[in-house]
Amino acid sequence: MLRSIRKTLFSTALAAPLLVVAAFLLAAAQPAAANSRIKDIASFEGVRDNILVGYGLVVGLNGTGDDLTKSIFTRESLVGMLERLGVNARDNGLEVDNIAAVMVTATLPPFARQGTRIDVNISTIGDASNLLGGTLLVTPLIAADGEVYAVAQGPVAASGFSAQGAAASITRGVPTAGRIANGAIVEREIDFKMTEMESVKISLRNPDFTTSRRVAQAINAFLGQPIAQPLDPATVRMALPQQYANNAVGLITDIEQLRVSPDYIAKVVIDEKSGVIVMGENVRISTVAIAQGNLTIRITETPQVSQPNPFSDGGQTVVVPRTQIEVDEQADRRLTVMPSGVTLQELVDGLNALGVGPRDMISILQAIKASGALQAEIEVI
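Just so it is clear, the structure is predicted and the values come from calculations on it, not from any experiment.

A. Broad picture of the pairing of strand 17 (residues 276–279). The pairing of strand 16 (residues 267–271) with strand 17 spans four bridges and is classified as antiparallel. Bridging across to strand 17, Ile 270 finds its partner in Ile 277. Between strand 16 and the antiparallel strand that follows it, strand 17, lie four residues; Gly 275 among them carries a positive phi value of about 80°.

And the structure:
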């Protein structure tokens, strides 16, 4: 009896390492998932850009500015600017051509402090033909709340040029748009204090229930406590644990490096303008038979002139129409059976076997979807 017990214990002790090795080999044989960092698939609450816009004047153009007789807003802006500088210009006829009205746009990065500089883009709104050599005057930049957050000024770097002569002209790029690097100074800060936050919301760039849950599970596994909870397909709420009290920045720094395998729905994106087709990895189809044939109808008009015989009395020259119609239908197209549950590569190979181009492939995919055999969503852009 004792010998039997010892034999059983020895067999169990020997089998345990073998099970561990087998599990390791099985895990190594499986393909690695396409994991992404949380910071690459999501954004954090409060860490966002803000859009700024303003209206200004560009001066110093070499005769390529707005026509003041047509661009009334440019004329009124010029008069108003001169009046603020103590110059009365309303009684005089203004006929300058070196000034242009422009719209100034910029993006205020998150946590931009007062005194820092940001880039601005310049675009004409009048009939100015070129901004080369111009200088933007002081232009306040406002946000959606109507408050001024930055002020822009400086020489404009045009993104193109144009030249013309008496019989020819050339234009490269867009000379009516430009840019000023570090052309605006931040005057107002956005009041957002991360040290006072008691929780942080993570927003997924591609909302998905599975991805949202995986992000919460990865955070909870890293911290060893259930502090993250998915609220919806796009949002994960994360409470600050005790060790990160008043230190939301430290928590986000540790969390954003965690890797998660994002999931997404099967989708086929079609751009009918350019004929581009993009299919996701999870696109599947049911068993379906596909046949594609090209029908070409060619109509050729070759009118002929009918003239009367020489010295005939009362004859007239008439044009007699001659129409030739040719119908070409490629009869060598055959049915192609695509089995159920094929992979993306097999689906592409099957469609390529039909010898069709992108335009015909779009019609085939839409027809497969209409038949209910395409297990994916089609999005036309």
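B. Here's a closer look at the packing of aromatic side chains. Under the definition given, this model contains one aromatic pair. Ring centres of Phe 111 and Phe 192 lie 6.2 Å apart, and the angle between their planes is 50°; on these two criteria the pair is classed as tilted. Note that Phe 111 is positioned in the loop between strand 4 (99–108) and strand 5 (117–124) and Phe 192 in the loop between strand 11 (177–186) and strand 12 (199–204), a separation of 81 residues in sequence. With relative accessibility at 28%, the residue Phe 192 sits in the partly exposed group. Positioned above the aromatic ring of Tyr 149 is the side chain of Arg 188, whose terminal nitrogen or guanidinium carbon lies 5.7 Å from the ring centre.

C. View of the nonpolar core. Core analysis: the biggest nonpolar cluster contains 26 residues, and Ile 38, Val 200, Ile 202, Val 215, Ile 219, Met 238 and Ile 255 have the highest contact counts within it. Where this core is concerned, the elements lending two or more residues are helix 2 (38–41), strand 2 (42–44), strand 12, helix 4 (209–223), strand 14 (235–239) and helix 5 (248–255). If one sorts the elements of this core by residue count, helix 4 sits on top with five residues. Not counting residues within four places of it along the chain, the set of residues in contact with Ile 38 comprises Phe 44, Val 215, Ile 219, Ile 255, Glu 256, Leu 258 and Val 260.

D. Focus on the pattern of salt bridges. Evaluated as defined, the whole model comprises seven salt bridges. The residue Asp 119 makes a salt bridge to Arg 179 at a minimum N-O spacing of 2.9 Å. Remark: Arg 179 occurs in strand 11 and Asp 119 occurs in strand 5; sequence separation between them is 60 residues. Classification of Asp 119 by relative accessible area gives partly exposed; the value is 30%. For Arg 179, a relative accessible area of 39% gives the class partly exposed. With a closest N to O distance of 3.1 Å, Glu 379 and Lys 267 form a salt bridge. Of this pair, Glu 379 sits in strand 26 (residues 377–380) while Lys 267 sits in strand 16, placing them 112 residues apart in sequence. Judged by relative accessible area, Glu 379 falls into the partly exposed class, the value being 30%. Its relative accessible area of 27% is what places Lys 267 among the partly exposed residues.

Thresholds applied
Per chain, residues are indexed from 1 in the order of the written sequence. Restriction of local features to residues with pLDDT of at least 70 applies here, the model being predicted, together with a cutoff of 80 or more for giving and counting side-chain atom pairs; totals for whole chains, interfaces and linings are based on all residues. Computation of side-chain values covers all heavy atoms of the structure but excludes hydrogens and water. Criterion used throughout: strands pair if DSSP finds at least two bridges between them. Only DSSP runs of H or I with at least four residues qualify as helices, and only runs of E with at least two residues qualify as strands; both kinds are numbered from the N terminus onward. Note on aromatic pairs: the rings of Phe, Tyr and Trp (six-membered ring only in Trp) are paired at centre separations within 6.5 Å, and the planes decide the class, stacked below 30 degrees, edge-to-face beyond 60, tilted for the rest. The rule is simple: take the accessible area with a 1.4 Å probe, protein chains only, and divide by the maximum for that residue type; under 20% is buried, over 50% is exposed, in between is partly exposed. Only Lys NZ and Arg CZ are tested; either one counts as a charge over a ring when it is within 6 Å of the ring centre and within 35 degrees of the ring normal. Side-chain atoms within 4.5 Å link the members of a nonpolar core, which is a set of buried Ala, Val, Leu, Ile, Met, Phe, Trp, Tyr and Cys residues. Residue contacts are defined here by distance: any two heavy atoms, one from each residue, within 4.5 Å place the two residues in contact. Whenever a carboxyl oxygen of Asp or Glu lies within 4 Å of a side-chain nitrogen of Lys or Arg, that contact is scored as a salt bridge.

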